[in-house]
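Understanding the architecture of this molecule
Residue-level listing of the chains:
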Amino acid sequence: MSTTMEDIKIIKITKIEDHCGNVSVIENDCMPYDIKSVYYLNEGPSCAYRGGHAHKEQLEFLIALSGSFEVVLNDGKESQRVMLNN
């Protein structure tokens, strides 16, 4: 299996808003694959650099829960930077 930049998609998560706050739900019906694991980062300094490694046989779904961060995508031929926020 070889991933290219054309395989990368932005998936919009439905946000339900009301006077008590916003709720977003991620279930298998909005995901293009089954969820196996969930990891999250928090309380890192704004200058932190994470990653710098590759997952050759893994699908990933990244979410900026609070604030924003930039992701560098590289399929071995092309590279693209994407800012994730909101």
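Quick note: structure is the one above.
Just so you know, these numbers come straight off a predicted model, no measurement behind them.

Let us look at the nonpolar core. The tendency in soluble globular proteins is for nonpolar side chains to be buried as a group. Judged by nonpolar contacts, Met 5, Ala 64, Val 71, Leu 73, Val 82 and Leu 84 together constitute the single largest core of six residues. Sorting the residues of this core by element identifies β3 (68-74) and β4 (79-85) as the ones contributing at least two each. For Val 71, the residues in contact, after removing those within four places along its chain, are Leu 62, Gln 80, Arg 81, Val 82 and Leu 84.

This paragraph deals with the pattern of salt bridges. Enumeration over the complete set of coordinates arrives at one salt bridge. The partner of Glu 70 in a salt bridge is Arg 81, with the nearest N and O atoms 2.9 Å apart. Of this pair, Glu 70 sits in strand β3 while Arg 81 sits in strand β4, placing them 11 residues apart in sequence. Given a relative accessible area of 43%, Glu 70 falls into the partly exposed group.

This brings us to the pairing of β3. Where β3 and β4 come together, seven bridges link them in antiparallel fashion. Bridge pairing in β4 places Val 72 opposite Arg 81. In sequence, β3 turns back onto β4 through a hairpin of four residues, with Gly 76 there showing a positive phi of about 95°.

Turning to a nonpolar patch on the surface, a few remarks are in order. The grouping of Ile 26, Ile 35, Val 38, Tyr 40, Ile 63 and Leu 65 at the surface amounts to a nonpolar patch, some 640 Å² of accessible area in total. With respect to the secondary-structure elements, Val 38 resides in the loop between β2 (21-24) and β3.

Here strand β1 (residues 15-18) runs beside β2; their pairing, made up of four bridges, is antiparallel. Among the inter-strand pairings, Glu 17 is bridged to a residue of β2, identified as Asn 22. The hairpin formed by β1 and β2 contains two residues between the paired strands.

Definitions and limits used
- Residues numbered from 1 in each chain as written.
- Predicted model: local features only at pLDDT ≥ 70, side-chain atom pairs only at ≥ 80, totals over all residues.
- Heavy atoms only, no water.
- Core = buried A, V, L, I, M, F, W, Y, C linked by side-chain atoms within 4.5 Å.
- Buried < 20%, exposed > 50% of the residue type's maximum accessible area, 1.4 Å probe, protein only.
- Helix = DSSP H or I, 4+ residues; strand = E, 2+ residues; numbered from the N terminus.
- Contact = heavy atoms within 4.5 Å.
- Salt bridge = Lys/Arg side-chain N within 4 Å of Asp/Glu carboxyl O.
- Pairing = 2+ DSSP bridges.
- Patch = residues over 30% accessible without salt bridge, like charges linked within 9 Å, V, L, I, M, F, W, Y side chains within 5 Å.
- Areas by Shrake-Rupley, 256 points an atom, 1.4 Å probe, with all protein chains shown as cover.

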